[in-house]
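Coordinates in review
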Amino acid sequence: MELFQALHTRRSIRKYQEQPISENLIHKLLAAAMMAPSAGDERPWQFILVTDGQQKERIAAVHPHAGMVRSAPLGVLICGDLSKEKYDGFWPQDCSAAMQNLLLAAHGSGLGAVWAGIYPLEERVAHFRDIFNLPAHVIPFGLAIMGWPDQQPTTRERFDPSRIHYNTWEGKTAAP
């Protein structure tokens, strides 16, 4: 899939076919996620693969927007590892970049995926810490739920020139 096509056609997928994802493909997806940029090239992320039905049920019970994890073959929990952070406070940006790479890699591979946010909501962070027995220096950031899509959402253009400013906030929204 061509890059701009992938960027313009990736959408959140919440319905999946009952078909596993190969270990080889999972490895490729995680390799793509780990190619994300990070502050100081420290890559302060950790990945927990969720395939167990009981763990999926526990997630669905505490996350109001993650019920589809029950029918997905894979969940990827991205966590920020503060022990690997070189510049304080940049781990959420680093994990966001890894998440976006993961979602685009899934889409480019024919999979469907959705990002279920966890951080910075303290209650969700606490629930996921408990579910996955995370150490204090590891913060659950977001869960990518994925599988072979069983839906085809439509794509609409999102480009909005009114959101573009040149040189200052008051700058013209049209190109000079």
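This text goes with the structure placed above it.
Residues numbered from 1 in each chain as written. Predicted model: local features only at pLDDT ≥ 70, side-chain atom pairs only at ≥ 80, totals over all residues. Heavy atoms only, no water.

The next thing to look at is the overall build of the protein. Along the backbone of the protein there are five helices and four strands. The N-to-C order of helical and strand elements in the protein reads α-α-β-α-β-α-β-α-β. Counting only C-alpha atoms and orienting by the principal axes, one finds that the protein spans roughly 55 × 40 × 30 Å. Looking at the protein residue by residue over its 176 residues, the buried ones come to 42%. Look at the contacts in the protein between residues 6 or more apart in sequence, and 75% of them connect residues 24 or more apart. As presented, the protein carries roughly 10,300 Å² of accessible surface, and 52% of it is formed by carbon and sulfur atoms. The positive charge centre, built from 17 side chains, and the negative charge centre, built from 18, are 5 Å apart in the protein. (Helix = DSSP H or I, 4+ residues; strand = E, 2+ residues; numbered from the N terminus. Buried < 20%, exposed > 50% of the residue type's maximum accessible area, 1.4 Å probe, protein only. Contact = heavy atoms within 4.5 Å. Areas by Shrake-Rupley, 256 points an atom, 1.4 Å probe, with all protein chains shown as cover. Lys, Arg positive; Asp, Glu negative; His and termini not counted. Charge placed at Lys NZ, Arg CZ, Asp CG, Glu CD.)

Of the positions making up helix α2 (residues 23–33), those classed as buried are Leu 25, Ile 26, Leu 29, Leu 30 and Ala 33. Viewed end-on, α2 has its buried residues packed into an arc of 135 degrees, placing them on one side of the element. Among the exposed residues of α2, those oriented more than 90 degrees off its buried face are Asn 24, His 27 and Lys 28. Against the buried residues of α2 lie β1 (45–50), β2 (74–81), α4 (91–108) and β4 (138–147). (Arc of directions from axis to C-beta.)

As a further point, take the packing of helix α3 (residues 53–62) against helix α5 (residues 122–132). Packing of α3 against α5 brings their axes to within 10 Å, and their N-to-C directions diverge by 165 degrees. Classified by the angle their axes make, α3 and α5 are roughly antiparallel. The way α3 lies across α5 gives a crossing that is right-handed. Judged by residue contacts, Gln 55, Arg 58, Ile 59 and Val 62 of α3 engage His 127, Phe 128, Asp 130, Ile 131 and Phe 132 from α5. Looking at the contact of α3 with α5 residue by residue, the class counts come to five nonpolar, two polar and two charged. (Axes fitted to C-alpha atoms, helices over the stretch in contact; angles between N-to-C directions. Parallel < 35°, antiparallel > 145°, perpendicular 65-115°, else oblique. Left-handed = near helix turned anticlockwise from the far one by under 90°. Nonpolar A, V, L, I, M, F, W, Y, C, P; charged D, E, K, R; others polar.)

Here we take up the pairing of β2. Where burial is concerned, most of β2 is hidden: eight out of the eight residues are buried. Side chains of β2 alternate between two faces, with Leu 74, Val 76, Ile 78 and Gly 80 and Gly 75, Leu 77, Cys 79 and Asp 81 buried alike. Sheet topology note: the β1/β2 ladder contains six bridges and is antiparallel. Its bridge partner lying in β2, Phe 47 is registered against Ile 78. (Pairing = 2+ DSSP bridges.)

Moving on, we get to unusual backbone geometry. That bond from Tyr 119 to Pro 120 is cis: its omega, 15 degrees, falls within 30 degrees of zero. Looking at the element boundaries, Pro 120 is found in the loop between β3 (112–117) and α5. With a phi close to 55 degrees, Asp 41 is a non-glycine residue in the positive phi region. Structurally, Asp 41 is set in the loop between α2 and β1.

We now examine the sheet that holds β1. Sheet strands pair by backbone hydrogen bonding; their relative direction is either parallel or antiparallel. Spatially, the four strands line up as an open sheet ordered β1-β2-β4-β3, and their pairing is antiparallel. Looking at which strands have only one partner, the edges of the open sheet turn out to be β1 and β3. For this sheet the average axis-to-axis angle between neighbouring strands, irrespective of direction, equals 25 degrees. Note: β3 against β4, six bridges, orientation antiparallel. Its bridge partner being in β4, Trp 115 is matched across the sheet by Ala 144.

Another point: the pattern of salt bridges. Applying the stated criterion across every chain yields a total of four salt bridges. One salt bridge in this structure joins Asp 41 and Arg 43, with 3.2 Å as the shortest N-O distance. We note a salt bridge from Arg 163 to Asp 160, for which the minimum N-O separation is 3.7 Å. (Salt bridge = Lys/Arg side-chain N within 4 Å of Asp/Glu carboxyl O.)

So yeah, pure geometry; function would need other evidence.
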